[in-house]
Amino acid sequence: MEKWEEKLPPRVRERLASIKITPEDRARIKAQEKVKSILSAFYQDKLTPEQLGEEFKKLEIENREFLIKEAQTRIVDSIGLQILPEDFKKRGKALLVLERLKKEAKPSLIKAEINLLGELIKRCKEEKERVYSQLKQQVEENPELRMRKAKTEGGEEILVQLSVDEAVLTLPEWREFVSQHEEACSSQFAQLIDRIKNLL
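Fair warning: this is a prediction, and the values are worked out from it, not measured in the lab. (Residues numbered from 1 in each chain as written. Predicted model: local features only at pLDDT ≥ 70, side-chain atom pairs only at ≥ 80, totals over all residues. Heavy atoms only, no water.)

### Considering the environment of P85
Here is step 1 of the chain: When you line up the elements, P85 lands in helix α6 (residues 85-99).
Here is step 2 of the chain: With relative accessibility at 55%, the residue P85 sits in the exposed group.
Here is step 3 of the chain: P85 sits 33 residues away from G118 along the chain, and the two C-alpha atoms are 8.3 Å apart. (Helix = DSSP H or I, 4+ residues; strand = E, 2+ residues; numbered from the N terminus. Buried < 20%, exposed > 50% of the residue type's maximum accessible area, 1.4 Å probe, protein only.)

### Regarding the pairing of strand β1 (residues 147-151)
Here is step 1 of the chain: Of the strand pairs in this sheet, β1 and strand β2 (residues 157-161) are connected by five bridges, and their pairing is antiparallel. Of the residues in β2, the one forming a bridge with R148 is V160.
Here is step 2 of the chain: Taking the residues that link successive antiparallel strands as the turn, the β1-β2 hairpin has five residues, and the phi of G155 there is positive, at about 90°. (Pairing = 2+ DSSP bridges.)

### Some remarks on the nonpolar core
Grouped burial of nonpolar side chains is what soluble globular proteins tend to show.
Here is step 1 of the chain: Among the nonpolar cores identified, the biggest contains 35 residues, and L52, F56 and L117 are the most heavily contacted of them.
Here is step 2 of the chain: Those residues in contact with L52, other than ones at most four positions away along the chain, are I38, L39, F42, L47, I75, A94 and L98.
Here is step 3 of the chain: Counting residues in each nonpolar core, the second largest holds twelve residues, with L135, V164, V168 and W174 among its members. (Core = buried A, V, L, I, M, F, W, Y, C linked by side-chain atoms within 4.5 Å. Contact = heavy atoms within 4.5 Å.)

### Things to note about the side chain of E99
Here is step 1 of the chain: Relative to the assigned elements, E99 resides in helix α6.
Here is step 2 of the chain: For E99, the side chain forms a polar contact with the side chain of K102, separated by 3.0 Å.
Here is step 3 of the chain: In contact with E99, other than residues within four places in its own chain, are Q72, E104, A105, K106, P107, I110 and L200. (Polar contact = N/O pair within 3.5 Å; in protein donor to acceptor, adjacent residues only side chain to side chain.)

### Examining the environment of A31
Here is step 1 of the chain: Positionally, A31 belongs in helix α3 (residues 23-43).
Here is step 2 of the chain: Placed 99 residues apart in sequence, A31 and R130 show a C-alpha to C-alpha distance of 46 Å.
Here is step 3 of the chain: In this view, A31 contacts N63 and L67; residues no more than four positions away in its chain are not counted.

So, in structure tokens, the structure goes:
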């Protein structure tokens, strides 16, 4: 018995002892750790999507389908609305490379959903930048929008001038837009992510 096990309550120790890990379970756990290691190298740009596929071809055949799906799910989970275009492209390509290793592959369906996801991410980013630019122009044309009331340590109220960017970020119009925009984009994003996962 390990030292840490001795510190556990008796009932927990009994339950722990009753759990039998089969050789198959051990092999699967080991394989899952291998997947984590391969994906870690991929995220750190040590592997290209093609090299990632080659690593998965080396895995034991009986666990390969399960592990490919797990890797794909982890890759999909690593995609967010703020992802850089080059990272999105790399992850999308990796999903397709892995999909083609499966017996019942659906690369064309997954590619279509990845393209829709890429368009959504781009559209959300461009819309946010467009509204920000419009508000920034308003602030630049109207210096009064940069003025804000603030209190000194002595409690005296003074006017302070914000930078143009600071002023935009404090505008109620910007805050309202961001709230609604993020809610709409996040909802559409989640739906597309679910659709991709259901295809894996």
